[in-house]
Amino acid sequence: MLLASFGLAAQPADHTYDPIVDAVVARYRLPGIAVGVIENGQVVYTATRGETIAGSGQPVTAETLFKIASNSKAMTTALLGRLVDEGRLAWDDPVAKYLPDFRMSDPWVTKNMRVADLLTHSSGLPEGGGDLMLWPEPNAFTRQDIIHGLRYIKPGYSFRSQYQYDNLLYVVAGEVAAAAGGAPYEELMHREVFQPLGLSRCQVGTWNREQVGNVAQPHYRKDGHNLPMRQDGAIVPAITSDPAGGIRCDLTDMLSWARNWLTPTPGQLEWLSSTQREVLQSPHMLIPVSSQRRAWDHSHVMAYGYGWRMADVDGTWVVWHTGTLGGMYSMLALLPDRKSGFVFMINGEAEDARTVLGEVLTKHFTAPGDGHGVDWYADALDHEAAERPAAARPPDTATAAPVAPADFSWSGSYRDPWFGQVTLCPRGDRVEWASRKSPHMHGTVKRLGQRYLVRWDDPAVDLDAWLDPHAGSPPTLTMAKLDPLGDFSSDYEDLHFERTGDCP
């Protein structure tokens, strides 16, 4: 790691940041983490803890690749900004100009959807709508499947009226970039973003894990242990979700990426103009400010730009994004007026850990006298979870029992217009739920009280689903999250299956 290229300060920052990082790692028993902090344009602190694979003895280093998940979105919008600078597209261009097959459920929205509308989470798609075409990965859905499937997803609100986070339209944005740029998205990302900025370790598309080396693997927690999940093979394939969340980078490159925004060099300002930089990191769609954010950060306004969130925190403007992807969590935060910020990446289940570490690092800049450390924020989250009302908690499934095929009258093949074909068929003494295009969505039908549920076989797919059959001609099936506050990307509520035939 060429720390000198960052103008790395000597060690005094360690006594400030080491206790914070160590406390988070200990509180949440993280398998591995990489952290970097920038103050006034200079990298003053880097730290790594843990292993790339729990129990492997392979330490996380500054060169360890992590999945940055939705932090990929800012790289995708930067690529689009490059194309705007070059005159190859305009933010106000209709999406259909580049993708003639693009359709939303409402023809008026299809006609009026601009390139910019793909980026602000205000399209009308329900929160996480269609994400089951992306995750769990790998699966067999293509980008053309997504473009075709969008027309069947019912809107959750009117076009441009509110913020509801989605991922599918960033995949569409990647295809717009490919059409305008004359090359596949992955090739453009390497050529137009990674190479000019010297992000030599960042990867997207197909690559050789053994040649690249030093790659963190995701983990889930079971019985208090970190267990690796869905480990990469020797060749890492390109995935459909790359423009929305498929990029991997190491700490060194993520710090270079951050400094490009905080203290761009003359060459970097030629790479992306000041005009486009301002467009990307300006508010375009308001986001409701949560009660927690008001209480913790004294925020008055929160918004989404193009691939970035932003808010006032203790009177300081903060621009940031997070990344969440089965067993990988990340955060990149910028305080542009102070030329400061931080980044960290974790290779384990770490939603609360990310919230706590992000809050404590942010407060170091915005409210250094706040006095609340890791334990205070962690305890506050634990208290909030404990106070969650019964109606907002997942049910106890200890008594759920597999349904015998003879007692299940809904067997057959079913189809949802965007998710495609699934089967509910006898397999030995159980009923199996299986998806044609999403192999990790494979599970057992059980009964709990008066309802059916699906328990997924893959332990890493931990958000089980209610399964509700409906009589009719043809019979139909709907689904819902077992945990009503579960991850929105498990958008079971958007599925509507109709029976198409008997079991194969």
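Residue positions are given per chain, counted from 1 along the sequence in the order it is written. Totals for whole chains, interfaces and linings use every residue, but because this is a predicted model, local features are given only for residues with pLDDT of at least 70 and side-chain atom pairs only at 80 or more, for both listing and counting. By convention in this description, side-chain values take in all heavy atoms of the structure and omit both hydrogens and water.

S.K.: Pulling in residues and values, what's your account of the overall build of the protein chain?
M.R.: Looking only at helices and strands, the protein chain features 15 helices and 23 strands. Here the radius of gyration uses the C-alpha set of atoms, whereas the globule reference equals 2.2 Å times the residue count to the power 0.38. Here the protein chain has a C-alpha radius of gyration of 23 Å; the compact-globule value for 504 residues is 23 Å, and the two agree. Viewed in the frame of its principal axes, the protein chain has a C-alpha envelope of about 70 × 50 × 50 Å. Taking the intrachain contacts of the protein chain between residues at least 6 apart in sequence as the baseline, contacts between residues at least 24 apart amount to 63%. When the accessible surface of the protein chain is totalled, it reaches about 20,000 Å², and 51% of it is carbon and sulfur. In this tally Asp and Glu are treated as negative and Lys and Arg as positive; neither His nor the chain ends contributes. The atoms used to mark charge sites are NZ of Lys, CZ of Arg, CG of Asp and CD of Glu. Charge centroids of the protein chain, computed over 44 positive and 61 negative side chains, lie 3 Å from each other. What counts as a helix is a DSSP run of H or I of at least four residues, what counts as a strand is a run of E of at least two, and both are numbered from the N terminus. Here a residue-residue contact requires only that any non-hydrogen atoms of the pair lie within 4.5 Å. All accessible areas in this document rest on Shrake-Rupley with a 1.4 Å probe, and a residue is counted as covered only by the protein chains that are shown.

S.K.: Now, about the sheet that holds strand 2 (residues 42-50): what can you tell me, with residues and values included?
M.R.: Strands are labelled as partners when DSSP assigns at least two bridges between them. An order of 2-1-14-13-12-11-10-9 is seen for the 8 strands of this open sheet, with the pairing classed as antiparallel. Here the strands that pair on one side only, and so sit at the sheet edges, are strand 2 and strand 9 (285-286). Relative to strand 14 (residues 340-346), strand 13 (residues 328-335) runs antiparallel, the two sharing 7 bridges. Bridging across to strand 14, Leu332 finds its partner in Val343.

S.K.: Residues and numbers for the pairing of strand 5 (residues 219-222), please.
M.R.: It is a general feature of regular strands that their side chains alternate between the two faces of the sheet. Sheet topology note: the strand 5/strand 6 (residues 225-228) ladder contains 4 bridges and is antiparallel. Paired with Lys222 across the bridge in strand 6 is His225.

S.K.: Kindly report on the confidence of the model for the protein chain, identifying the contributing residues and their values.
M.R.: pLDDT is a residue-level measure of predictor confidence that goes from 0 to 100. Mean pLDDT over the protein chain stands at 95; residues scoring 70 or higher make up 97%. Long-range and interchain partners of residues 1-11, a stretch whose pLDDT sits below 50, account for 23 contacts in this model, where long-range means more than four residues apart.

S.K.: If you had to explain the state of the cysteines to someone new, which residues and values would you point to?
M.R.: To count as a disulfide, a pair of cysteine sulfur atoms needs to be within 2.5 Å. As enumerated under the stated definition, the model contains 2 disulfides in all. Bridging Cys202 to Cys249, the disulfide has an S-S length of 2.1 Å. Classification of the bridge connecting Cys202 and Cys249 rests on its S-S torsion, roughly 115°, and on that basis the disulfide is right-handed. On the criterion of sequence distance, the pair formed by Cys202 in the loop between helix 7 (185-197) and strand 4 (207-208) and Cys249 in strand 8 (residues 248-249) is long-range, its members being 47 residues apart. Side by side, Cys202 and Cys249 carry an identical accessibility label, which is buried. Each sulfur in the disulfide pair Cys425 and Cys503 lies 2.2 Å from the other. Looking along the S-S bond of the Cys425-Cys503 disulfide, the torsion reads about -105°, which is the left-handed sense. Separated by 78 residues along the polypeptide, Cys425 in strand 17 (residues 420-427) and Cys503 in the segment after strand 23 (497-501) bring together distant segments of the chain. Given the relative accessible area of 0%, Cys425 is considered buried. Residue class for Cys503 comes out partly exposed when judged on its relative accessible area of 26%. Here the term buried applies to any residue with accessible area under 20% of the maximum for its type, exposed to any over 50%, and partly exposed to those in between, with areas from a 1.4 Å probe on protein chains only.

S.K.: Outline the pattern of salt bridges, supporting the account with residue identities and numerical values.
M.R.: By definition here, a salt bridge exists when the distance from a side-chain nitrogen of Lys or Arg to a carboxyl oxygen of Asp or Glu is within 4 Å. One pass over the structure, following the stated rule, counts 32 salt bridges. Residue Arg88 pairs with Glu86 through a salt bridge whose shortest N-O separation is 3.2 Å. With its nearest N and O atoms 2.6 Å apart, the salt bridge here joins Arg248 to Asp232. With Arg248 in strand 8 and Asp232 in the loop between strand 6 and strand 7 (235-236), this residue pair connects regions lying 16 residues apart in the sequence. We classify Arg248 as buried; its relative accessible area is 7%. Within this structure, Arg82, Glu86, Arg88, Glu187, Arg191 and Glu192 form a network of salt bridges that share partners.

S.K.: Could you give an account of the pairing of strand 19 (residues 442-448), naming the residues involved and the relevant values?
M.R.: With 5 of its 7 residues buried, strand 19 lies for the most part within the structure. As paired strands, strand 15 (residues 401-402) and strand 19 are joined by 2 bridges and run antiparallel to one another. Within strand 19, the residue paired with Ala401 across the bridge is Arg447. Pairing geometry for strand 18 (residues 430-435) and strand 19, over 3 bridges, is antiparallel. Bridge pairing in strand 19 places Glu432 opposite Thr444. Between strand 18 and strand 19, which follow one another and run antiparallel, lie 6 residues.

S.K.: Go over the packing of aromatic side chains, please, and point to the residues and values.
M.R.: Under the pairing criterion, centres of Phe, Tyr and Trp rings, with the six-membered ring standing for Trp, must be within 6.5 Å; the plane angle then separates stacked pairs below 30 degrees from edge-to-face pairs above 60, leaving the rest tilted. Counted according to the given criterion, the structure contains 19 aromatic pairs. Pairing Trp257 with Trp261 gives two aromatic rings, centres 5.4 Å apart and planes at 85°, and the pair type is edge-to-face. Placement of both Trp257 and Trp261 in helix 10 (residues 251-262) is noted, with a separation of 4 residues, approximately one turn of the helix. Here, a charge over a ring means that NZ of Lys or CZ of Arg falls within 6 Å of the ring centre while also lying within 35 degrees of the ring normal. Above the plane of the ring of Trp466 lies Arg451, whose end atom (NZ or CZ) is 4.2 Å from the centre.

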